[in-house]
Amino acid sequence: MTVDARVALVTCSAFPDLWEDDRPLRDALRARGVAVDVVRWDDADADWTVYDLTVIRSPWDYVARHDQFVAWARSVPRLANPGDVIAWNTDKRYLGELAAAGVPVIPTGFVGPGETWTPPATGQWVVKPTVSAGSQDTARYDFPDQLGAARAHVTRLTAAGRTAMIQPYLSAVATAGETAVLCLPDAAGDLTFSHAIRKGPMLTRTGEHEIDPGSEDITARTPSEAELAVARAALAAIPGGTKRLLYARIDVIPGPDGAPQLVELELTEPALFLSFAPTAANRLADGILARL
Ligand SMILES: Nc1ncnc2c1ncn2[C@@H]1O[C@H](COP(=O)(O)OP(=O)(O)O)[C@@H](O)[C@H]1O
Ligand SMILES: [Mg+2]
């Protein structure tokens, strides 16, 4: 079957030929007769109006240019996921909304510019910015020993006009690991479970910011019923519903009682780990075709 359609897969200058895990999607679309262009989100010469659908994949350099990225997303005529979803989802203050809706989110404190932070006295804590990707500016601290470093981290973020997040460090990430639940369109076009992966711990040492995203330890995983339930609860709490979404990734880590807690709901630029599930690239390609 060939279709007269043109799709853009969105990347950044670091991945001019896509991140390798997304190439099966490009190939599956081309096998269906779709013309596929790989385009940088910040390519000033790009004409987004020519595409039947523009699919965000690996624009992972947007964090320092968040406003520009959101403005771009709102300006693209047919974008998956849509621009207003991108605006909502690229700032992790949405976790507060999900928690209020009853989703089991890692208990999260937020400290904005000009606000004061009253740190806890003891325990292991994670400090990170609300706008982030790839574990940037994220670190774990042991209190009270590293209180000074944690304070400096929060101050560095807020002085730059950013909002800091403080969460308990979930130590189960080092044993059970983090589970990423990938949801893609099913035959009826509904966003449902496709596959899952296990990701090893990223914050292996305390007090450090520098993380090599290339060091991610990824394996295929069958999610538990409890993890799938958190995924469904997170999807159900998305403003505007899931009908217009092409993909979602729900990341969870077991909390102190073993029940999964939400780390993030990725509706913007999640790595989809397509190469870990034999049918996932075809399923996503079919989902794209159905939306053209
Ligand atoms: N509260 C936490 N407990 C344990 N590990 C955490 C916690 N928060 C973040 N991490 C680790 O840091 C990584 C990056 O944090 P995350 O919130 O997912 O931000 P990003 O958007 O940068 O992926 C996670 O994949 C996890 O390994
Ligand atoms: Mg993450």
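Anyway, here's the lowdown on the structure attached to this text. (Residues numbered from 1 in each chain as written. Chains lettered and ligands numbered in written order. Predicted model: local features only at pLDDT ≥ 70, side-chain atom pairs only at ≥ 80, totals over all residues. Heavy atoms only, no water.)

Turning next to the sheet that holds strand β12 (residues 248-254). Backbone hydrogen bonds are what pair the strands of a sheet, in a parallel or an antiparallel way. What the five strands build is an open sheet, ordered β11-β10-β9-β12-β13; its pairing is antiparallel. Edge strands, defined here as strands with exactly one partner in the open sheet, are β11 (218-220) and β13 (260-266). Averaged over neighbouring strand pairs, the angle between their axes works out to 30° when direction is ignored. Bridging between β12 and β13 involves six bridges; their strand directions are antiparallel. Along β13, the bridge assignment pairs V252 with L262. Contacts from helix α7 (residues 280-291) reach β9 (178-185) and β10 (191-199), with the element oriented near 40° to β9. (Pairing = 2+ DSSP bridges. Helix = DSSP H or I, 4+ residues; strand = E, 2+ residues; numbered from the N terminus. Axes fitted to C-alpha atoms, helices over the stretch in contact; angles between N-to-C directions. Contact = heavy atoms within 4.5 Å.)

Time to look at the site of ligand 1. Of all residues adjacent to ligand 1, which total 20 residues, the nearest are K92, K128, S135, L170 and E178. Interatomic distance of 2.9 Å between a backbone N/O atom of P168 and a nitrogen atom of ligand 1. Contact between ligand 1 and K199: an oxygen atom at 3.3 Å from a side-chain N or O atom of the residue. When atoms are counted within 2 Å of each cavity's grid points, the one that captures over half of ligand 1 is the largest pocket. Mapped by element, the contributors of at least two residues to the shell around ligand 1 are β6 (123-129), β8 (164-168) and β13. Across the shell around ligand 1, the residue classes tally to 11 nonpolar, four polar and five charged. (Near = heavy atom within 4 Å. Polar contact = N/O pair within 3.5 Å; in protein donor to acceptor, adjacent residues only side chain to side chain. 1 Å grid on protein atoms, 1.4 Å probe; cavity = no way out; pocket = protein on both sides within 12 Å on 5 of 7 lines; lining within 4 Å. Sits in = over half its atoms within 2 Å of the grid points. Nonpolar A, V, L, I, M, F, W, Y, C, P; charged D, E, K, R; others polar.)

Once that is clear, we can look at the packing of helix α1 (residues 23-31) against α7. Packing of α1 against α7 leaves a shortest axis separation of 8 Å and a crossing angle of 55°. It follows from the interaxial angle that α1 and α7 lie oblique. The way α1 lies across α7 gives a crossing that is right-handed. Residues P24, L25, A28 and L29 of α1 form the contact with α7, whose participating residues are A281, N282, L284, A285, I288 and L289. Grouping the amino acids of the contact of α1 with α7 by side-chain chemistry returns nine nonpolar, one polar and no charged. (Parallel < 35°, antiparallel > 145°, perpendicular 65-115°, else oblique. Left-handed = near helix turned anticlockwise from the far one by under 90°.)

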